[in-house]
Amino acid sequence: MTIERTLSIVKPDATRRNLTGQINARLEAAGLRILAQKRLRLTREQAETFYAVHAERSFFDDLCDFMISGPVVAQVLEGENAIVKNREIMGATNPANAKDGTIRKDFGETVEANSVHGSDSAETAAREIAFFFSDIEIVG
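The structure displayed is predicted, hence computed values, not measured ones.

Student: Outline the overall build of the protein, listing residues and values.
Tutor: Secondary structure assignment for the protein yields 7 helices and 4 strands. Along the chain direction, N to C, the helices and strands of the protein fall in the order β-α-α-β-α-α-β-α-α-β-α. A compact globule built from 140 residues would reach a C-alpha radius of gyration of about 14 Å, and the protein, at 14 Å, matches this within 12%. Judged by the C-alpha coordinates and their principal axes, the protein covers about 40 × 35 × 25 Å. Burial statistics for the protein: of 140 residues in total, 44% are counted as buried. Considering only contacts within the protein whose residues lie at least 6 apart along the sequence, 76% involve residues at least 24 apart. The centroid of the 17 positive side-chain charges in the protein is displaced by 4 Å from the centroid of its 21 negative side-chain charges.

Student: Tell me what's going on with the environment of threonine 6, and back it up with residues and numbers.
Tutor: Structurally, the position occupied by threonine 6 is in strand 1 (residues 3–10). For threonine 6, the contacting residues outside a window of four places in its chain are Gln75, Val76, Leu77, Ala82, Ile83, Asn86, Ser119, Ala125 and Ile129.

Student: Requested: an account of the packing of aromatic side chains, with residues and values cited.
Tutor: One pass over the structure, following the stated rule, counts 4 aromatic pairs. Members of the aromatic cluster, joined through ring pairs, are Phe50, Tyr51, Phe131 and Phe132.

Student: Before we move on, could you go through the side chain of glutamate 78 and cite the residues and values that matter?
Tutor: On the secondary structure map, glutamate 78 appears in strand 3 (residues 72–80). A polar contact of 3.1 Å, which involves the side chain of glutamate 78, links it to the side chain of arginine 5. Not counting the four nearest positions on each side in its chain, glutamate 78 is found in contact with Ile3, Glu4, Arg5, Gly31, Leu32, Arg33 and Leu35.

Student: Could you give an account of helix 4 (residues 60–67), with specific residues and numbers?
Tutor: Residues Phe60, Leu63, Cys64, Phe66 and Met67 constitute the buried set of helix 4. The arc that holds every buried residue of helix 4, seen down its axis, measures 160 degrees, which confines them to one face. Looking at the buried side of helix 4, the elements it contacts are strand 1, helix 1 (12–16), helix 3 (44–50) and strand 3.

Student: Can you tell me about the sheet that holds strand 4 (residues 116–118), naming the residues and giving the values?
Tutor: Each strand in a sheet pairs with its neighbour through backbone hydrogen bonds, running either in the same direction (parallel) or in the opposite one (antiparallel). In space, the 4 strands of this open sheet follow the order 2-3-1-4, with antiparallel pairing throughout. In the strand order of this sheet, the two ends are held by strand 2 (33–40) and strand 4, each with one partner. Pairs of neighbouring strands in the sheet enclose a mean axial angle of 20 degrees, with direction left out of account. The pairing of strand 1 with strand 3 spans 8 bridges and is classified as antiparallel. The residue of strand 3 that forms the bridge with isoleucine 3 is glutamate 80.

Student: Any chance you could break down the nonpolar core for me, citing the residues and the numbers?
Tutor: Among the nonpolar cores identified, the biggest contains 21 residues, and Leu7, Ile9, Met67, Val76, Phe132, Phe133 and Ile138 are the most heavily contacted of them. Residue assignment for this core shows that the elements contributing at least two residues are strand 1, strand 2, helix 3, helix 4, strand 3 and helix 7 (122–132). If one sorts the elements of this core by residue count, helix 4 sits on top with 5 residues. In this structure, methionine 67 is in contact with Ile9, Lys11, Pro12, Leu42, Tyr51 and Val72, ignoring residues within four places of it in sequence. If you look at the next biggest cluster of nonpolar residues, it comprises 14 residues, including Val10, Ala14, Leu32 and Phe107.

What counts, and where the lines are drawn
- Residues numbered from 1 in each chain as written.
- Predicted model: local features only at pLDDT ≥ 70, side-chain atom pairs only at ≥ 80, totals over all residues.
- Heavy atoms only, no water.
- Helix = DSSP H or I, 4+ residues; strand = E, 2+ residues; numbered from the N terminus.
- Rg over C-alpha atoms; globule rule 2.2 N^0.38 Å.
- Buried < 20%, exposed > 50% of the residue type's maximum accessible area, 1.4 Å probe, protein only.
- Contact = heavy atoms within 4.5 Å.
- Lys, Arg positive; Asp, Glu negative; His and termini not counted.
- Charge placed at Lys NZ, Arg CZ, Asp CG, Glu CD.
- Phe/Tyr/Trp six-rings, centres within 6.5 Å; stacked < 30°, edge-to-face > 60°.
- Polar contact = N/O pair within 3.5 Å; in protein donor to acceptor, adjacent residues only side chain to side chain.
- Arc of directions from axis to C-beta.
- Pairing = 2+ DSSP bridges.
- Axes fitted to C-alpha atoms, helices over the stretch in contact; angles between N-to-C directions.
- Core = buried A, V, L, I, M, F, W, Y, C linked by side-chain atoms within 4.5 Å.

Written out as structure tokens, the structure is:
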């Protein structure tokens, strides 16, 4: 059994529609524990730093604009194979391609406004968690 931690972000499209509770319920029902959670509004600089890996991509500016358009809810999730499990619960990036019953299929509006973000690897999770949370904020 591999217990992992991963970062989850409830994006502005979902917070605007008051979906945080429904999304959290799905995460918890799948066996993931929410160890830390905060609602915040990213600055442009924070969004650019967080998504720096995409800086050369054509969608970078639009992504940053979207992520600062409203509040987000950043969370640390923990559970058995949490990274893969969270990505399965989220569904495909494009809601049109996501499986029925996934967060993105049920709540996503577009490829960009797809309601949630999740870390894609252990290395990314460690970096992303540290971006939003100090150790004292993560309660197991």
